[in-house]
Amino acid sequence: MILKHCKRAGAALSGALIAIGLATAPQPALAQGSKCIDEAASIRRAESQLPRLEVAPPGDQQIVCITLETNILFARRMSAHLAQCPRSPHARNGDTWQRTGSQYTAQFGERRCKPAIRGYRG
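Residues numbered from 1 in each chain as written. Predicted model: local features only at pLDDT ≥ 70, side-chain atom pairs only at ≥ 80, totals over all residues. Heavy atoms only, no water.

Brief notes about the state of the cysteines
Tallied over the entire structure, the rule returns two disulfides. Counting only the cysteines that take part in disulfides, in the order they occur along the chain, gives the pairing 1-3, 2-4. (Disulfide = S-S within 2.5 Å.)

Right, here's the structure in full:
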């Protein structure tokens with residue numbers, strides 16, 4: 001009889017500990033949602049400030065290379081963001097940026113550009 005009572009008490013205690021653990025556990029979905037929203041806003045601002053290749057002087061190798069590199073790094077940032085936040089408002093532009101990044105990477109190599117921007121590398 002005592003053994004049955006101890007088993008029931010142990011089961012109740014285990015259940016209570018699990019409930020407490022679930023109630024106090026961090027909720028990654030909420031935290032990730034906030035991070036995704038913040039990163040999406042940051043990406044929106046960065047995208048509006050990107051240099052455009054079509055206005056870079058074609059004869060100025062340095063400006064063209066930096067413009068290409070800046071856009072390549074942005075495409076990598078967008079790709080990393082979408083991998084972490086597939087429901088981002090930027091998801092509809094993800095394929096476009098992936099193609100653009102690939103095209104710019106090819107042009108970067110064709111022009112024999114050297115990486116000049118330090119920091120974020122995707």
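Here we look at the pattern of salt bridges
Applying the stated rule across the entire model yields two salt bridges. A salt bridge links glutamate 39 to arginine 77, with the nearest nitrogen and oxygen atoms 3.0 Å apart. With a gap of 38 residues between them, glutamate 39 in helix α2 (residues 28-48) and arginine 77 in helix α3 (residues 61-84) connect regions that are remote in the sequence. What makes glutamate 39 partly exposed here is its relative accessible area of 25%. A salt bridge links arginine 52 to glutamate 54; the shortest N-O distance between them is 3.1 Å. (Salt bridge = Lys/Arg side-chain N within 4 Å of Asp/Glu carboxyl O. Helix = DSSP H or I, 4+ residues; strand = E, 2+ residues; numbered from the N terminus. Buried < 20%, exposed > 50% of the residue type's maximum accessible area, 1.4 Å probe, protein only.)

Observations regarding unusual backbone geometry
Despite not being glycine, arginine 112 has its phi angle at roughly 60 degrees, a positive value. With respect to the helices and strands, arginine 112 occurs in the segment after α4 (94-110). Residue classification places arginine 112 among the exposed positions, given a relative accessible area of 71%.

Examining the side chain of serine 88
Take serine 88: it is sitting in the loop between α3 and α4. With residues up to four places along the chain from it excluded, the contact list for serine 88 reads Ala40, His81 and Leu82. (Contact = heavy atoms within 4.5 Å.)

Focus: the packing of α3 against α4
Each pair of packed helices can be summarised by the angle the axes make with each other and by the distance between the axes. One can describe the packing of α3 onto α4 by two numbers: an axis separation of 9 Å at closest approach and a directional angle of 145 degrees. Between α3 and α4 the crossing geometry is left-handed. Where α3 approaches α4, its residues Cys65, Leu68, Glu69, Asn71, Ile72, Phe74, Ala75, Met78 and Leu82 are matched on the opposing element by Gly94, Trp97, Gly101, Tyr104, Thr105, Gln107 and Phe108. (Axes fitted to C-alpha atoms, helices over the stretch in contact; angles between N-to-C directions. Left-handed = near helix turned anticlockwise from the far one by under 90°.)

Geometric values such as these leave the question of function open.
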